[in-house]
Every structure is written in C-alpha cells, then in structure tokens.
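Listed below are the residues making up each chain.
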Amino acid sequence: MRRVGLGIGLVWFTACAKAAPIVAAAAAPPMDEVLALAWVQASAEHEAATLTVYQSAHAALDRALADTTWSAALEQSDDFSALPPAIVVDVDETVLDNSPYQVRNLLDGKGFDKATWGAWVAEAHADEVRGAAAFLAAADARGVDVFYVSNREADQVEPTRANLAALGFPDTADAHTFLFRDGTSDKSARRTAVAATHRVVLVFGDNLFDFVESPKPDLTARLAMVHDHQAWWGTRWFLVPNPLYGSWDDAIGSYAHPDAATQHTHRIHALDARR
C-alpha cells in the first residue's frame, strides 16, 4: 500500500491494482480550486500556454483563408465557399480572464452564485486571456468577422461588449456579433446561425462543448468526442486551458452539481494511479 497526500485529506490506493481508481478517505474537502487558481494567476506557464494557442493559430488562419472548402463548424453545410470568413470564440476563460471572480469566491468561502457573477460581469473589468486580442485584431484586419458565442445571459451583452472593446477586441462596436445564451447552454444553434451567413474558419473555446455537443456525455464518451475529431485540434479548433471549471468537472460528478465535499470525492475517484 502507498499513501498519497492530496490537500488536507489522505488517499489510499493499491499501487499494483490494474487501473484501480483511487479511493478517497478525506476527512474534509480541501479547497480544490487553490492550485488551479495559483497556476492561472501566478505561473508563467499559463501565459505561455495561452500565447501558444493564439500565436499558433496564425498559420491555421493562413490555410483557412486560402482554402474556401475549409470550415471549422460541424454545423456548416451546403456550399459555403463564397461566404465571408468568420471566427467563433467563446468568452469566459477563452478571451476574458475571470479568475479574480473565482478568487473572491474563495476568500468569501462561497461557490458560484448568479448574483455575484452578474455583479462581476457588470464591472466590465476582466483582463484578456493573453494573446487573444492581438490575434483576433489581426484576423479582423484580414477581413475576418469575429462572433462571440457565450453562455453569458442576454442581459450581459452590453457590459461584455464594453469590456472587450476597452481591451481592443474587434467587432465590438455593437451587439450584432454577440450570440449569448438563448435559453439553453447548447451552442449548436448559435454556431449554425453564424454558419448560415459566414464560412467559419476557426473556433476557439475552453470547453469541449464550445466545439461539439452531446447530451451529458460521460468521461469515456467525452474522450471519444475528442478522438472523433482528432485532426481538427490545433488546425481548426483551438482549446484554451481552463483548470478552474467546466464540463470536464461536471462529467466527473455525473452532471449532478453536488456540494463541494461530494464533488471533491468524485474528483478523487476519477484519479487513476496507473495512468
């Protein structure tokens, strides 16, 4: 037997067990988000990672603009070769960094709350995810329209638009390029709407569902969704790393959104000592 310390809890597992999940024996859940927040806010590696995503996309954009048969939207159909080019980007943790909001919650001992989140959005002072504004401005200068497809609420378009405009993001003069939550978090219909008028050349997001949708896929199904479109990652689809939250964590908890202690246990059970 081998003992591993995770946070303030202890975890026991049998090292020789074949693909055995780690079994939790934590007395109390640690503040799981601390390490992720420290990486996002304090590491040079996080900035290097986001710059890598956006700077490597320049070469992909060159290829996409040269090839009118190219589309990055699974929803794109019919003959789209004559349509003007567009890029679809998510907002939160893709072009805007909301980690200060997460830190506030940590210090207050609270989780996500619609009221505090709405207040944060209304401040319109989120910083950019490094590299995003420069890349999208360069794409805009080449005649590419940018559409912000986000699961922020419809009444949050204006502060989001103002926030992005102040940071130098393109296509922020008015709200027509902002496709926010329309009653469902599924973005397929909104990507379809963009694809009806534009050839979608690149897609950026921090969540698997920013690219391809499926109703509550488990961990195995999510991995299959990545593999099914393996050639698109880093060529048409660009994922910005987000260890703070997302459907990856929802899937670990079977989309039940339990309390923090239960979700901590689910995370421990998702670990595998042999991977």
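Residues numbered from 1 in each chain as written. Predicted model: local features only at pLDDT ≥ 70, side-chain atom pairs only at ≥ 80, totals over all residues. Heavy atoms only, no water.

A. Representation of the packing of aromatic side chains. Evaluation of the coordinates by the stated rule reveals 13 aromatic pairs. For the ring pair Phe211 and Trp233, a centre distance of 5.0 Å and an interplane angle of 70 degrees mean the geometry is edge-to-face. Residue Phe211 is found in the loop between strand E9 (199–205) and helix H8 (219–228), and its partner Trp233 is found in the loop between H8 and strand E10 (237–239); the two are separated by 22 residues along the sequence. With relative accessibility at 2%, the residue Phe211 sits in the buried group. (Phe/Tyr/Trp six-rings, centres within 6.5 Å; stacked < 30°, edge-to-face > 60°. Helix = DSSP H or I, 4+ residues; strand = E, 2+ residues; numbered from the N terminus. Buried < 20%, exposed > 50% of the residue type's maximum accessible area, 1.4 Å probe, protein only.)

B. Expanded view of the sheet that holds E9. Ordered by their spatial adjacency, 5 strands build an open sheet running E8-E7-E4-E9-E10, and the pairing between neighbours is parallel. Two strands lie at the open edges of the sheet, namely strand E8 (178–179) and E10, each paired on one side alone. Here 3 bridges tie E9 to E10, and the two strands are oriented parallel to one another. Its bridge partner being in E10, Val203 is matched across the sheet by Trp237. (Pairing = 2+ DSSP bridges.)

C. The arrangement of the pairing of E9 in detail. Of all 7 residues in E9, 7 are buried; the element is thus mostly enclosed. Inspection of the sheet shows strand E4 (residues 85–89) paired to E9 by 5 bridges, in the parallel sense. Within E9, the residue paired with Pro85 across the bridge is Arg199. For the segment spanning E9, H8 and E10, crossover handedness is right-handed. (Right-handed = clockwise from strand over helix to strand, strands pointing away.)

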